[in-house]
Each structure stands twice: as C-alpha cells, then as structure tokens.
Amino acid sequence: MKTTSEVVSAKPGPETTSEVVFTPRATALGAFLEGWRRALAAPAITLGVLAALFLMALPLGLALRGMLVEHLGPSVVAERAAWGWEAGWAAEFAAQAQGLGRTFTHEILGFGGTLSIIGGFFDAKPLPPVVAGAAAAYAVLWIFLSGGILDRFARARPVRTAAFFASCGVFFWRFLRLGVMVGAAYWALFAWLHPFLFGTLWNSWTAGMTTEREAMAVRAGLYLVFALALALVSLIADYAKVRAVVEDRRSMISALGASMRFLRRRPFRVFGLYLLSALASIVVVRVWFTAAPSAWASVPVAFLLTQVYLLFRVWAKLAWMAGEVVFFQGELAHATYTAAPLQMWPDSPAAEAIENLVSRTR
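Model, not experiment: these values are computed from the prediction.

**Q** Describe the packing of helix α1 (residues 28-40) against helix α10 (residues 267-291), listing the residues and the values that go with them.
**A** At a minimum axis separation of 8 Å, α1 and α10 run at an interaxial angle of 45°. The angle between α1 and α10 places the two elements in the oblique class. The two elements α1 and α10 meet at a crossing, and its hand is right-handed. Of the residues in α10, those in contact with Ala-28, Leu-29, Ala-31, Phe-32 and Trp-36 of α1 are Arg-269, Gly-272, Leu-273, Leu-276, Ser-277 and Ala-280. Here the contact of α1 with α10 is composed, by residue class, of eight nonpolar, two polar and one charged.

Structure representation (structure tokens):
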C-alpha cells in the first residue's frame, strides 16, 4: 500500500508546479531491521552505555564486596567462596545481613535474579531502599542519554562526542519534564489498576475455583492486561521522545499529544513494531536462561557471561529505540532531518580573549 503526499516545488521562473509524490508506508519489519542496523553501526554508543552501567553498579559492588570480605576474613571458606557458591556460609551471612547485604542471595547470579526482578515488578513489590536508589539513578542516566542516542539514530551517521553530549544536555530538562508526566501515569497504574486487577477481580473470579490450573490461567490473563496497560504508556512516552528530538519540540505536553495522534492513526503497525522489539528482548532473555551461570559457577566465568548478556541487552534496547525513530521518520519526518542545528561548544576563554583583543584593535 502507498500513501500520497502533495508537495509544491518552487522552481526558478514564474511558474510554480505541484506534483504528487508517492512514498511507501513504513513497515514494522522494515523499521525493526533498520533499527538493528543503526544500533549495530553505533559501537561507540553501545560501549558508552555499557561503561556507564558498569560505573553505576561499581559502588554497590564494592560496598557489597566490603561486607563479604569483612564477614569472611582470612579463612578456608573465603578461598572456596572466591571460586564458587558456598551455600552454608551464604545462609549464615544472610541471617545477619542488613541493607545492601540482604540482596546477596543465590538469585544474585544467573537467571534467577532476572526472573526475581520481573516477578517483583509485576507483583508491585517494593524495592529495598538501596536498590530503589540505584533504580532511580539508572532512570536519570537514561533520561540524560536518551536525547543524544535518539539524535544519533535519527541522523544515521556518526556524531562527534561534543555534539552527542550537547544533544544530551539540550533534551535532558525536556525529558525530565516528560518523565514527571509519564511517571505520574505509571504511578496511577500501580496505585489504582494493579489493586483492582489483582485484588478486586482476582478475589472475585477465583473465589469459587477448585483447581490451581484455572487460578493460574486467570492470573496470567490479569498479568497480560496489566502488561498491555504498561506497554501503552511506554509507547506514548517513546514516541513523545522521538518527536521531541526529530522535530525539536520544546513543549513536552505537545509532544505527548503528537505521540498519541501518531499512535491513533497507525495502531497496528506501531504495535507490530513494539511486539517485534519485545520479542527480540525476550529472545535475549531466553538465551540468558540457557547460558546463565549457576550459583556454583566460578566467578570469572559468571562475570564473563554476565557481561555478554548485558551487551546483548544493551543492543536490544538501542535497536528498540532506533526502530521507533526509523518508523517515525518513514511515516512523518521530512526527507531532510528536521532537528536543531548541530550543537557547538563555545570557544575556550583564551580564544575568546584573543578574539576580543583583535576586535578592539580594529
């Protein structure tokens, strides 16, 4: 199928002609594949995000390491624990641990940790204060980087470091305002919809059930409804950010409205692209389920496999963002990139002083 867009071309001379240009509609699969191509073609972005995540996790890791070293001390158990999981000692440590130390369980390694995070999220379990603080820092980091990353994928060409961080700075405060509005929507879902689904409806529908299988089916259906509500908010927020960057929008209320109009006019293809991106992330998690080290694996092997898993997760996340940019550009964006001009750092104070001196002597 094709869409038409009428453009008026102003040619030299008295005549102004109009012509109808046929442009193919963007497909979900095409945007998905082009998104992965742009993500893989941006290794600096991938390595930068990986490095940022590593630096964010490093203080927590060092703090937990200090607790473990203090509790183990110089002992034979410490040497064995350095190369594998010591279940007896871990149980003893967990019994007296406080704060961050409580996160050191057998689930901290392997797929169990991923499953625990996903399950806790959909069950609306409160996070420990330390983990909640790390999650908030992670969210702020993505808000800061999102502007530069979307700008890089929209241009589909390498940008210099200064230009990348200039875009991060320009869109940070805009995305921070957007994050407040989107965060309020997420809060409403967890505060009102979640108790209604897993409290009122769950108790009403399972009151007369006698088999666990039926109850699990109802539970799965409620999870699906809640996941769709979260996905809708996520989609609106994603395309609001894309429109803000590609069209250089300053008003985030306007960007949210533009995002909802964009989704309303092409819901099937947008949701199809969302499903493809989600499927890619699920495939990465499924591979991680197979290859994840057990709690008894050696530390070097567990560290190496975890880093490989994080690399593929970052790729999946970046390809998701790039695919949405590609789809929007294929549908509405102008042929030439419509974002703000290239951001330039100001000259150094020494250079400006020289320029001022030259201008005064003229």
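**Q** Give me the lowdown on the packing of aromatic side chains, citing residues and values where you can.
**A** Throughout the structure, instances matching the rule amount to 16 aromatic pairs. Between the aromatic rings of Tyr-138 and Trp-142, the centroid separation amounts to 6.4 Å while the plane-to-plane angle is 70°, which identifies the pairing as edge-to-face. Of this pair, Tyr-138 and Trp-142 both sit in helix α6 (residues 129-155), four residues apart, roughly one helical turn. Judged by its relative accessible area of 10%, Trp-142 is buried. Measuring from ring centre to ring centre gives 5.0 Å for Tyr-274 and Trp-320, while their planes differ by 85°; the resulting arrangement is edge-to-face. In this pair, Tyr-274 is assigned in helix α10 and Trp-320 in helix α11 (residues 299-331), connecting sequence segments 46 residues apart. For Tyr-274, a relative accessible area of 14% gives the class buried. According to the relative accessible area criterion, Trp-320 is buried, its value standing at 17%. Through a chain of ring-to-ring contacts, the aromatic side chains of Phe-144, Phe-164, Phe-165, Phe-172 and Trp-173 assemble into a single cluster. Its end group placed over the ring of Trp-202, Arg-219 keeps NZ or CZ at 4.9 Å from the ring centre. The ring of Trp-142 is capped by Lys-317, whose NZ or CZ atom sits 5.3 Å from the centre of that ring.

**Q** Kindly report on α6, identifying the contributing residues and their values.
**A** If you check α6, its first and last C-alpha atoms are 39 Å apart, about what 27 residues at 1.5 Å a residue would give, namely 39 Å. The largest bend in α6 is about 40°, located at Leu-145. Once α6 ends, the next one or two residues include Ala-156, with phi positive near 55°.

**Q** Would you mind going over unusual backbone geometry in detail, with residue names and values included?
**A** Positive phi values are uncommon outside glycine, yet Ala-156 reaches one of about 55°. Within the secondary structure, Ala-156 is located in the loop between α6 and α7 (161-205). Overall, the relative accessible area of 38% leaves Ala-156 in the partly exposed class. The backbone phi angle of Asp-248 is positive, close to 55°, even though this residue is not glycine. Its place among the elements puts Asp-248 in the loop between α8 (212-246) and α9 (252-265). Taking relative accessible area as the criterion, Asp-248 reaches 23% and is therefore assigned partly exposed.

**Q** Explain the nonpolar core residue by residue, including any values.
**A** Within the largest apolar cluster, 68 residues are counted, with the highest numbers of intra-cluster contacts made by Ile-149, Phe-175, Tyr-239, Leu-318 and Phe-327. Counting only elements with at least two residues in this core, the list comes to α1, α2 (43-72), α6, α7, α8, α9, α10 and α11. With 17 residues, α8 is the largest single contributor of residues to this core. Filtering out sequence-adjacent residues up to four positions away, Phe-327 remains in contact with Ala-26, Thr-27, Ala-31, Tyr-239, Phe-262, Arg-266, Arg-269, Val-270 and Leu-273.

**Q** Lay out the pattern of salt bridges in plain terms, naming residues and giving numbers.
**A** Counted by the stated rule, this structure contains eight salt bridges. The residue Arg-37 makes a salt bridge to Glu-34 at a minimum N-O spacing of 2.8 Å. Of this pair, Arg-37 and Glu-34 both sit in helix α1, three residues apart, which is roughly one turn of the helix. By relative accessible area, which is 23% here, Glu-34 ends up partly exposed.

**Q** Explain a nonpolar patch on the surface to me, using residue names and the numbers behind them.
**A** A surface patch of nonpolar side chains, amounting to about 500 Å² of accessible area, comprises Phe-54, Leu-55, Leu-58, Leu-62 and Phe-303. Element by element, the count of residues in the nonpolar patch is highest for α2, at four residues. Structurally, Leu-62 can be placed in helix α2.

**Q** I'd like a description of α9, backed by residues and values.
**A** With 14 residues, α9 extends 20 Å between its outermost C-alpha atoms, agreeing within 8% with the 20 Å of an ideal straight helix rising 1.5 Å per residue. Of the residues that open α9, the one with a side-chain oxygen 3.5 Å from the backbone nitrogen of Ile-253 is Ser-251.

**Q** So what about the side chain of Arg-269? Which residues, and what values?
**A** Its location among the elements puts Arg-269 in helix α10. Taking the relative accessible area as the measure of exposure, Arg-269 reaches 18% and is therefore buried. Engagement of the side chain of Arg-269 in a polar contact is seen with the side chain of Glu-331, the distance being 2.9 Å. When near neighbours in sequence (up to four residues on either side) are disregarded, Arg-269 contacts Arg-25, Ala-26, Ala-28, Phe-327 and Glu-331.

Thresholds, definitions, all that
- Residues numbered from 1 in each chain as written.
- Predicted model: local features only at pLDDT ≥ 70, side-chain atom pairs only at ≥ 80, totals over all residues.
- Heavy atoms only, no water.
- Axes fitted to C-alpha atoms, helices over the stretch in contact; angles between N-to-C directions.
- Helix = DSSP H or I, 4+ residues; strand = E, 2+ residues; numbered from the N terminus.
- Parallel < 35°, antiparallel > 145°, perpendicular 65-115°, else oblique.
- Left-handed = near helix turned anticlockwise from the far one by under 90°.
- Contact = heavy atoms within 4.5 Å.
- Nonpolar A, V, L, I, M, F, W, Y, C, P; charged D, E, K, R; others polar.
- Phe/Tyr/Trp six-rings, centres within 6.5 Å; stacked < 30°, edge-to-face > 60°.
- Buried < 20%, exposed > 50% of the residue type's maximum accessible area, 1.4 Å probe, protein only.
- Lys NZ or Arg CZ within 6 Å of the ring centre and 35° of its normal.
- Expected span 1.5 Å × (residues − 1).
- Bend = angle between axes of the 7 residues up to and from the residue.
- Core = buried A, V, L, I, M, F, W, Y, C linked by side-chain atoms within 4.5 Å.
- Salt bridge = Lys/Arg side-chain N within 4 Å of Asp/Glu carboxyl O.
- Patch = residues over 30% accessible without salt bridge, like charges linked within 9 Å, V, L, I, M, F, W, Y side chains within 5 Å.
- Areas by Shrake-Rupley, 256 points an atom, 1.4 Å probe, with all protein chains shown as cover.
- Polar contact = N/O pair within 3.5 Å; in protein donor to acceptor, adjacent residues only side chain to side chain.

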